[in-house]
Amino acid sequence: MDFNLTEEHIMIRDAARDFAKNELLPGVIERDEKQEFPKEQIKKMGELGFLGMMVSPEYGGGGMDTVSYVLAMEEISKIDASASVVMSVNNSLVCWGLEKFANEEQKQKYLTKLATGESIGAFCLSEPEAGSDATSQKTTAIEKEDHYVLNGTKNWITNGSTADIYIVIAQTHPELKHKGINAFIVEKGSKGFEIGPKEQKLGIRGSDTHSLNFNDVKVPKENRIGEDGFGFKFAMKTLSGGRIGIAAQALGIAAGAYELAKEYAKVRKAFGTEIMNHQAIAFKIADMYTSIEASRHLVMKAACDKDNGENYDLSGAMAKLFASKTAMDVTVEAVQVHGGNGYVKEYHVERLMRDAKITQIYEGTSEIQKIVISRSVFRD
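So, here is what we can say about the structure in this document. (Residues numbered from 1 in each chain as written. Predicted model: local features only at pLDDT ≥ 70, side-chain atom pairs only at ≥ 80, totals over all residues. Heavy atoms only, no water.)

**Here's the deal with the overall build of the protein chain**
Looking only at helices and strands, one finds 11 helices and 10 strands in the protein chain. For the protein chain, with 380 residues in total, the buried portion stands at 53%. Restricting to contacts in the protein chain with at least 6 residues of sequence separation, those with at least 24 account for 74%. Carbon and sulfur atoms provide 52% of the accessible area of the protein chain, an area that totals close to 16,800 Å². Positive and negative charge centroids in the protein chain, built from 46 and 54 side chains respectively, lie 3 Å apart. (Helix = DSSP H or I, 4+ residues; strand = E, 2+ residues; numbered from the N terminus. Buried < 20%, exposed > 50% of the residue type's maximum accessible area, 1.4 Å probe, protein only. Contact = heavy atoms within 4.5 Å. Areas by Shrake-Rupley, 256 points an atom, 1.4 Å probe, with all protein chains shown as cover. Lys, Arg positive; Asp, Glu negative; His and termini not counted. Charge placed at Lys NZ, Arg CZ, Asp CG, Glu CD.)

Put into structure tokens, the structure is as follows:
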């Protein structure tokens, strides 16, 4: 497969790299410490087109391919994974799901604002007792004359309090199990919609993560996405593409830690020479680089599969599984290369290590990815 980048791809990658260094890097440690959402930076990302990269220009997006998206995701994630997860959710889960499956009226009303960054989106699937098991939705959506009534709780929701538009997965027909699930567009400010306290997290601390409570929330029937009972398929198809974005995020975190470790090894001296001259360090750098390059190929393969209209369930799951493990392995070793300096905030690698762990958890844990991969393998 040809992974050579076009001039447009290189331009997009470089633009994302410049933005990350000039806009995200200043203050990133302070935002992490204070758990401060990068509001101004996200606004600028919307203005530059990073929040609706793959959306058709017809709806205010950039009309770019998935390769462009993962290139930008990697560069943003090298510096600030809290910003890149906002970008990931808005692009992969919310915008893509709406453009692919929403009707024209819904697209005009919601997608146009999301693609330009005027609005921010959230994807509400996880629940206290469901997690990655989308078939076990406890949130209910009872059908009335011209609306549905939502009741339940969603947790671990990225952009929980900063979003304007929420896609909520809920059970309408329990007797039909997964075939009775629906997806709804819910607006912030709806009566009975309450945002819980912000989660105190290990990593991606600038990301705005909350539990959401729905207490007799009325949702107009025109806000249901697709036919009655389409919600489970909507969630699965959307999450499949979301894995590619998270794989790119994991790749970026790993690459950012590797670059810091490599530069540090060039200048830090021990036993009379730069530590890059010691095999113990040189071998770590070699292992990091190899794993990152392998991850990058898997991510690009999944992105190309999606762009070429091929099934990307397997390639996306493999990319996320391998890249997220690489992110953890590389960031741990980057801290080790820095020695005692790696354990303090000013060198950034301890933050990247904390950020890396979430990539093995959201969009389905590593074990979920292995289930997806093994089922695909055994079908062949």
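**A word on the nonpolar core**
Core analysis: the largest hydrophobic core is formed by 93 residues, its most contacted members being Met45, Ile76, Met87, Leu98 and Phe234. No other element matches helix α7 (residues 231-267), which puts 18 residues into this core. The next biggest cluster of nonpolar side chains, apart from the first, holds 17 residues, and it includes Leu150, Ile157, Ala163 and Val219. (Core = buried A, V, L, I, M, F, W, Y, C linked by side-chain atoms within 4.5 Å.)

**So, the packing of helix α4 (residues 66-79) against α7**
Orientation of α4 relative to α7, taken along the N-to-C sense of each, is 40°, at an axis distance of 7 Å. As judged from the angle between their axes, α4 and α7 are oblique. The element α4 and its partner α7 pack so that their crossing is right-handed. Two secondary-structure elements touch here, α4 through Thr66, Tyr69, Val70, Met73, Glu74, Ser77 and Lys78 and α7 through Ile244, Gly245, Ala248, Gln249, Leu251, Gly252, Ile253, Ala255, Gly256 and Glu259. Per-class residue counts for the contact of α4 with α7 are eight nonpolar, six polar and three charged. (Axes fitted to C-alpha atoms, helices over the stretch in contact; angles between N-to-C directions. Parallel < 35°, antiparallel > 145°, perpendicular 65-115°, else oblique. Left-handed = near helix turned anticlockwise from the far one by under 90°. Nonpolar A, V, L, I, M, F, W, Y, C, P; charged D, E, K, R; others polar.)

**Remarks on the environment of Arg354**
Here Arg354 lies in helix α10 (residues 349-358). Assessed through its relative accessible area of 13%, Arg354 is described here as buried. On a C-alpha basis, the gap between Arg354 and Val332 in space is 9.3 Å, while along the polypeptide they are 22 residues apart. A polar contact is formed between the side chain of Arg354 and the backbone oxygen of Leu202, at a distance of 2.8 Å. (Polar contact = N/O pair within 3.5 Å; in protein donor to acceptor, adjacent residues only side chain to side chain.)

**Observations regarding the environment of Ala317**
Mapped onto the secondary structure, Ala317 falls in helix α9 (residues 313-338). Between the C-alpha atom of Ala317 and that of Leu298, which follows or precedes it by 19 residues, the distance is 9.6 Å.

**Quick look at unusual backbone geometry**
Despite not being glycine, Gln35 has its phi angle at roughly 55°, a positive value. Here Gln35 is to be found in the loop between α2 (28-34) and α3 (39-48). Take Gln35: its relative accessible area is 12%, and that puts it in the buried class. One non-glycine residue, Phe271, lies in the positive phi region at around 55°. Tracing the backbone shows Phe271 in the loop between β9 (269-270) and β10 (273-274).

**Quick word on the layout of surface pockets**
Unoccupied space between atoms shows up once a probe the size of one water molecule is rolled over them. Of the voids in this model, the second largest pocket is the one considered here, and its volume is about 260 Å³. Lining of the second largest pocket is provided by 13 residues; of these, Lys21, Lys78, Ile79, Glu259 and Leu260 occupy positions nearest its centre. Contributing elements (two or more residues each) for the lining of the second largest pocket: α1 (7-24), α4, α7 and α10. For the lining of the second largest pocket, a count of residues per class yields five nonpolar, two polar and six charged. (1 Å grid on protein atoms, 1.4 Å probe; cavity = no way out; pocket = protein on both sides within 12 Å on 5 of 7 lines; lining within 4 Å. Points joined across faces, edges and corners; volume = space filled by probe spheres on them.)

**Focus: the pattern of salt bridges**
Applying the stated criterion across every chain, the model contains 20 salt bridges. Lys44 is the salt-bridge partner of Glu23, the closest N and O atoms lying 2.9 Å from each other. Of this pair, Glu23 sits in helix α1 while Lys44 sits in helix α3, placing them 21 residues apart in sequence. The class for Glu23 is partly exposed, based on a relative accessible area of 27%. Residues Glu350 and Lys345 are paired through a salt bridge, measuring 3.8 Å at the closest nitrogen-oxygen approach. (Salt bridge = Lys/Arg side-chain N within 4 Å of Asp/Glu carboxyl O.)

**Re the packing of aromatic side chains**
What the rule picks out here adds up to 10 aromatic pairs. Three or more aromatic residues link up through ring pairs in this structure, and these residues are Trp96, Phe101, Phe123, Phe230 and Phe234. (Phe/Tyr/Trp six-rings, centres within 6.5 Å; stacked < 30°, edge-to-face > 60°.)

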